[in-house]
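# Summary of the model geometry
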Amino acid sequence: VQLQASGGGLVQPGGSLRLSCTVSGIIGSNYDMAWYRQAPGKQREWVADIGSGAGRNYADPVKGRFTVSRDNAKNTLYLQMNSLKPEDTAVYYCKIRFIADYWGQGTLVTVSS
């Protein structure tokens, strides 16, 4: 099982980015998917998740600004991030739970003017 995250970059405060995470090595889509992030000097924290039935949950700091979605036909997880703030700066990781937890390599998001 491999996860490939992409879409990070440098954006100004108030801007938007969309992260993607493509999963390979699994047949079907009966697994939960999630985004985490780790800011410099801080522990990794949960950001959002979406279940195999498409139920979604968000951490309080991103509610109303981030939207998690998935395209099962493409085995891809997305995170649409709007109204970005400097405190959103972090390496963002995708994770799936399929018997065990599998992590992507992370993609860096920097929010700065």
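What comes next is a walk through the structure. As the structure is a prediction and not an experimental result, all values here were calculated from the model.

A few words on the side chain of Asp88. In this structure, Asp88 sits in the loop between β8 (76-81) and β9 (90-98). A polar side-chain atom of Asp88 sits 2.7 Å from a polar atom in the side chain of Arg65. What Asp88 contacts, discounting residues up to four positions off in sequence, is Arg37, Arg65, Phe66, Ser83, Val109 and Val111.

It is worth spelling out the nonpolar core at this point. By size, the foremost hydrophobic cluster in this structure holds 28 residues, and its most contacted members are Trp35, Val47, Phe66, Leu77, Leu79, Met81 and Tyr92. For this core, the secondary-structure elements that each account for two or more residues are β1 (2-6), β3 (17-24), β4 (32-38), β5 (45-50), β7 (66-71), β8, β9 and β11 (107-111). The residues contacting Leu77, other than those within four sequence positions of it, are Leu19, Ser20, Cys21, Met33, Ala34, Trp35, Ile50, Val68, Ser69, Arg70 and Cys94.

Attention now moves to the pairing of β5. Note on strand geometry: in a regular strand, side chains alternate between the two faces of the sheet. Relative to β5, β4 runs antiparallel, the two sharing five bridges. Counted as the bridge partner of Arg37 is Glu45 from β5. In this structure, β5 lies alongside strand β6 (residues 56-58), joined through three bridges in antiparallel fashion. In the sheet register, Asp49 faces β6, and the bridge partner there is Asn57.

This part is about the environment of Ser83. On the secondary structure map, Ser83 appears in the loop between β8 and β9. The class for Ser83 is partly exposed, based on a relative accessible area of 40%. For the pair Ser83 and Gln12, spaced 71 residues apart in sequence, the C-alpha to C-alpha distance is 9.5 Å.

Cut-offs used in this document
Residues numbered from 1 in each chain as written. Predicted model: local features only at pLDDT ≥ 70, side-chain atom pairs only at ≥ 80, totals over all residues. Heavy atoms only, no water. Helix = DSSP H or I, 4+ residues; strand = E, 2+ residues; numbered from the N terminus. Polar contact = N/O pair within 3.5 Å; in protein donor to acceptor, adjacent residues only side chain to side chain. Contact = heavy atoms within 4.5 Å. Core = buried A, V, L, I, M, F, W, Y, C linked by side-chain atoms within 4.5 Å. Buried < 20%, exposed > 50% of the residue type's maximum accessible area, 1.4 Å probe, protein only. Pairing = 2+ DSSP bridges.

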